[in-house]
Structures are given as structure tokens and as C-alpha cells.
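# Results of the structural survey
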Amino acid sequence: MVFSRQELELLTIPELSLLVKRYGLRPTGTGGQKTSYLTTLMAFPSLALQQLEERRGLIRPTFDQLQIMTEILDQMGTLTPEQSALLRVTFEGRRMEYPKRYDQEKLLNLYKVRNHLSEVIELLGIM
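Worth saying up front: this structure is predicted, and the values here are computed from it rather than measured.

## Some thoughts on the overall build of the chain
- Looking only at helices and strands, the chain has six helices and zero strands in total.
- Shown N-terminal to C-terminal, the secondary structure of the chain runs as helices and strands in the order α-α-α-α-α-α.
- A globule of 127 residues ought to have a C-alpha radius of gyration of about 14 Å, yet the chain, at 24 Å, is considerably larger.
- Summarising its shape, the C-alpha atoms of the chain cover approximately 65 × 35 × 20 Å along the three principal directions.

Here you go:
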């Protein structure tokens, strides 16, 4: 339970209204009564998880989609010792002269993509 009923009943309608707005929700019914806010604030956590289970809204990728991401990661390969060294000096703030600097930035961005994709796969694999 995110909010207890007792905790919410101590709040005034303006305070409840602010709380509902803070989380981007709308009160159930007219919004002129305290119960409209209480109902919304008590129900939304369970509704959010129910929607996840029903595959509504934000949806977890399927196993096949996760496999595709893993294949992409594998196809991206790993850094060579020279690429790794160039990234190290890049992290130290050293930049090549133009136009090679563009390629240096491409390598850095590709490295970041690979790391983020690896993190995404790890996070989704835990789910």
C-alpha cells in the first residue's frame, strides 16, 4: 500500500487535490468530495500493476525480442585494444583534430550504445 487510508483522511481536499495532480491523476467522480480523491489515491498502485499484467501501457518485451537485442549486442563486437585506448584518452578530455574528431565521437557513441544495450538486456533479463 503506497498510501494508507488513515494518512489520506487527515488531508484536506486542497491537499488531496495537490497530491493527485503531483502524480498526474484525476479524481474519481466530480472531484468535489474527499472520497473522489481517496478512491483515486488508494486504487492507482494496484491498477498500474494490473495494467502491466494485462499488457496495457508499458509492455515488457517478449523473450524473442530480448533474444534479438542479445544478437544485436553480439554483432556489435568488442573493443580492440586500440579502440579501448582511444576511449580512455577521450574520457580524459583529449580530442583529435577535425575531421577525425567526428569518428572519435562516433566510436564514443557506439561504445555508449553498447553499454546501454547491455544494461537494458540485463535489466529485462531480471524481470
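From this point on, the discussion continues.
## Considerations on the confidence of the model for the chain
- Per-residue confidence for the chain averages 94 on the pLDDT scale, and 98% of its residues sit at or above 70.
- Taking the mean pLDDT of every element in the chain, the minimum, 94, falls on helix H4 (residues 63–76) and the maximum, 98, on helix H5 (residues 81–91).

## Some thoughts on helix H2 (residues 13–22)
- Listed as buried for H2 are Leu16, Ser17, Leu19 and Val20. Looking down the long axis of H2, one finds its buried residues gathered within 160° of arc, a one-sided arrangement. Among the exposed residues of H2, those oriented more than 90 degrees off its buried face are Pro14, Leu18, Lys21 and Arg22.
- Buried residues along H2 sit against helix H1 (5–9) and helix H3 (34–53).
- Positive phi appears at Gly24, one or two residues downstream of H2, with a value of about 70°.

## What to know about H3
- Across its 20 residues, H3 extends 30 Å between first and last C-alpha, which sits within 8% of the 28 Å expected from 1.5 Å per residue.
- The largest bend along H3 measures about 40° and falls at Phe44, with the proline Pro45 one to four residues further on.
- Three or more residues of H3 are buried, namely Ser36, Tyr37, Leu38, Thr40, Leu41 and Pro45.
- Each element contacted by the buried residues of H3 is listed here: H1 and H2.
- Once H3 finishes, Arg55 follows within two positions and takes phi at roughly 60°, a positive value.

## Quick look at the packing of aromatic side chains
- Under the criterion given, the structure shown has four aromatic pairs.
- Here Tyr98 and Tyr102 contribute two aromatic rings whose centre-to-centre distance is 5.2 Å and whose plane-to-plane angle is 50°, an arrangement assigned as tilted.
- By way of ring pairs, the aromatic residues Phe3, Tyr23 and Phe44 are connected into one cluster.
- Lying across the ring of Tyr98, Arg101 places its NZ or CZ 4.6 Å from the centre.

## Some thoughts on the nonpolar core
- Of all hydrophobic cores here, the largest spans eight residues; its members are Phe3, Leu8, Leu16, Leu19, Val20, Tyr37, Leu38 and Leu41.
- Taken together, the elements giving at least two residues each to this core come down to H2 and H3.
- Discounting chain neighbours no more than four positions away, the residues touching Leu16 are Leu8, Leu11, Lys34, Tyr37, Leu38 and Leu41.
- Listed in part, the six residues of the second largest apolar core include Leu66, Met69, Leu117 and Leu124.

Reading the values: rules and limits
Residues numbered from 1 in each chain as written. Predicted model: local features only at pLDDT ≥ 70, side-chain atom pairs only at ≥ 80, totals over all residues. Heavy atoms only, no water. Helix = DSSP H or I, 4+ residues; strand = E, 2+ residues; numbered from the N terminus. Rg over C-alpha atoms; globule rule 2.2 N^0.38 Å. pLDDT = per-residue confidence, 0-100. Buried < 20%, exposed > 50% of the residue type's maximum accessible area, 1.4 Å probe, protein only. Arc of directions from axis to C-beta. Contact = heavy atoms within 4.5 Å. Expected span 1.5 Å × (residues − 1). Bend = angle between axes of the 7 residues up to and from the residue. Phe/Tyr/Trp six-rings, centres within 6.5 Å; stacked < 30°, edge-to-face > 60°. Lys NZ or Arg CZ within 6 Å of the ring centre and 35° of its normal. Core = buried A, V, L, I, M, F, W, Y, C linked by side-chain atoms within 4.5 Å.

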